[in-house]
Amino acid sequence: MELEKEDRRISFNLSPSSLNLYYQSPLLFYLTYIAKVPDDTPVPLCYGLSGNILHACLEKYAKKELDKDAACLHLAEKWEKQGLHELKDLKGKSLNQIEYLMAMLKGIHIIDQHENPLCEEMITLPFLENEIMKIGIKGIIYLQAMKKESKEFVLIDYKTSNSVDRGRKFERQALFYNFLLHRKKNMIPSKTSFHYLKLGVSKE
């Protein structure tokens with residue numbers, strides 16, 4: 001019986017974050033996605049947990065699984081369950097739960113301006129494959145919806161960062177989402193919007 005030959009090709013998925021890392025530093029991209037060297041600079045857990053909770057609450061609201069009051073309660077319950085009041089940020093402080101609650105209410109206001117939402121769609125597609133490498137493209141589109149007033153089809157992403165990206169990262173991420181959607185559904189949105197919920201700022 002023949003043993004299956006081990007696939008020793010370079011293999012990774014390109015995503016908006018990995019693409020932006022390549023433009024920041026090809027060496028860092030190589031170490032992270034090809035050599036897969038462990039990160040020696042740990043990021044405080046609170047940032048990822050709080051962002052995930054906020055996104056989950058907005059997804060449940062968009063799907064009409066929770067109303068506004070229930071979404072606020074859900075955020076508070078998840079915050080407590082994850083122990084976020086005990087975790088510290090880069091400044092050694094706990095994240096402000098009220099700040100995230102207000103950010104969620106801004107997200108709810110944005111959702112209310114749209115209809116027919118499709119939430120958190122993961123799109124994974126092949127991109128390039130040969131004898132040396134196997135590369136896929138991958139991304140999560142947080143919200144696809146129809147704007148109530150104009151009936152435009154739009155893509156929406158939420159950000160919980162404390163600063164607005166002024167460089168090309170925003171543009172590359174928007175183009176990447178559009179490329180994924182075009183490859184999978186042969187569709188292009190009228191607009192792609194990034195909403196910095198904690199800051200009350202949007203980029204289109």
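Look a little higher up for the structure.
Residues numbered from 1 in each chain as written. Predicted model: local features only at pLDDT ≥ 70, side-chain atom pairs only at ≥ 80, totals over all residues. Heavy atoms only, no water.

A. Representation of the side chain of Asn 178 in the model. Among the secondary structure elements, Asn 178 is positioned in helix H6 (residues 169–185). In terms of polar contacts, Asn 178 uses its side chain to reach the backbone carbonyl oxygen of Ala 174, at 2.6 Å. At a separation of 2.9 Å, a polar atom in the side chain of Asn 178 contacts the side chain of Thr 192. The residues contacting Asn 178, other than those within four sequence positions of it, are Leu 155, Met 187, Ile 188, Pro 189 and Thr 192. (Helix = DSSP H or I, 4+ residues; strand = E, 2+ residues; numbered from the N terminus. Polar contact = N/O pair within 3.5 Å; in protein donor to acceptor, adjacent residues only side chain to side chain. Contact = heavy atoms within 4.5 Å.)

B. The nonpolar core, seen in detail. Core analysis: the largest hydrophobic core is formed by 26 residues, its most contacted members being Leu 54, Leu 58 and Met 104. Contributing elements (two or more residues each) for this core: helix H3 (45–62), helix H4 (68–81), helix H5 (97–111), strand S3 (133–147) and strand S4 (153–159). In terms of residues, this core owes the most to one element, H3, which gives seven residues. Excluding its chain neighbours within four sequence positions, the residues that come into contact with Leu 54 are Leu 75, Tyr 100, Ala 103, Met 104, Thr 160 and Leu 197. Of all hydrophobic cores here, the second largest spans 19 residues; its members include Leu 125, Ile 135, Phe 176 and Tyr 177. (Core = buried A, V, L, I, M, F, W, Y, C linked by side-chain atoms within 4.5 Å. Buried < 20%, exposed > 50% of the residue type's maximum accessible area, 1.4 Å probe, protein only.)

C. Molecular detail of the pattern of salt bridges. Per the stated rule, a full pass over the model turns up nine salt bridges. With a closest N to O distance of 2.6 Å, Lys 151 and Glu 115 form a salt bridge. With a gap of 36 residues between them, Lys 151 in the loop between S3 and S4 and Glu 115 in strand S2 (residues 114–129) connect regions that are remote in the sequence. The partly exposed category is assigned to Glu 115, whose relative accessible area is 25%. Two residues, Glu 121 and Lys 184, come together in a salt bridge whose shortest N-O distance is 2.9 Å. Here Lys 184 lies in helix H6 and Glu 121 lies in strand S2, a separation of 63 residues in the sequence. Its relative accessible area of 11% is what places Glu 121 among the buried residues. For Lys 184, a relative accessible area of 45% translates into the label partly exposed. If you follow the salt bridges from partner to partner, you end up with Glu 121, Lys 184 and Lys 185 in one network. (Salt bridge = Lys/Arg side-chain N within 4 Å of Asp/Glu carboxyl O.)

D. Expanded view of the packing of aromatic side chains. Under the counting rule described, the total for this entry stands at eight aromatic pairs. Seen in terms of ring centroids, Tyr 22 and Tyr 23 are 6.0 Å apart; in terms of plane orientation they differ by 85°. Their pairing is edge-to-face. Centroid distance Phe 127 to Phe 179: 6.5 Å. Interplanar angle 85°. Geometry classified as edge-to-face. One end of the pair, Phe 127, is in strand S2; the other, Phe 179, is in helix H6, with 52 residues separating them in the sequence. Owing to a relative accessible area of 44%, Phe 127 belongs among the partly exposed residues under this scheme. The class of Phe 179 is partly exposed, set by a relative accessible area of 34%. (Phe/Tyr/Trp six-rings, centres within 6.5 Å; stacked < 30°, edge-to-face > 60°.)

E. Region of the structure containing the pairing of S2. Both S2 and S3 contribute to a ladder of 12 bridges, which runs antiparallel. Looking at S3, one finds that Leu 118 is bridged to Gln 144. (Pairing = 2+ DSSP bridges.)

F. Molecular detail of H6. Relative to the 24 Å expected for 17 residues at 1.5 Å per residue, H6 spans 24 Å between its end C-alpha atoms, a close match to the ideal helical length. By the burial criterion, the buried members of H6 are Phe 170, Arg 172, Gln 173, Ala 174, Phe 176, Tyr 177, Asn 178, Leu 180 and Leu 181. Immediately downstream of H6, the backbone of Asn 186 shows phi near 55°, a positive value. (Expected span 1.5 Å × (residues − 1).)

G. A look at the packing of H3 against H5. For the pair H3 and H5, interaxial distance at closest approach is 10 Å and the crossing angle is 35°. Note on packing geometry: the crossing formed by H3 with H5 is right-handed. Note on element contacts: H5 touches H3 through Tyr 100, Ala 103, Met 104, Gly 107, Ile 108 and Ile 111, opposite Ser 50, Leu 54, Cys 57, Leu 58, Tyr 61 and Ala 62. Per-class residue counts for the contact of H3 with H5 are 10 nonpolar, two polar and no charged. (Axes fitted to C-alpha atoms, helices over the stretch in contact; angles between N-to-C directions. Left-handed = near helix turned anticlockwise from the far one by under 90°. Nonpolar A, V, L, I, M, F, W, Y, C, P; charged D, E, K, R; others polar.)

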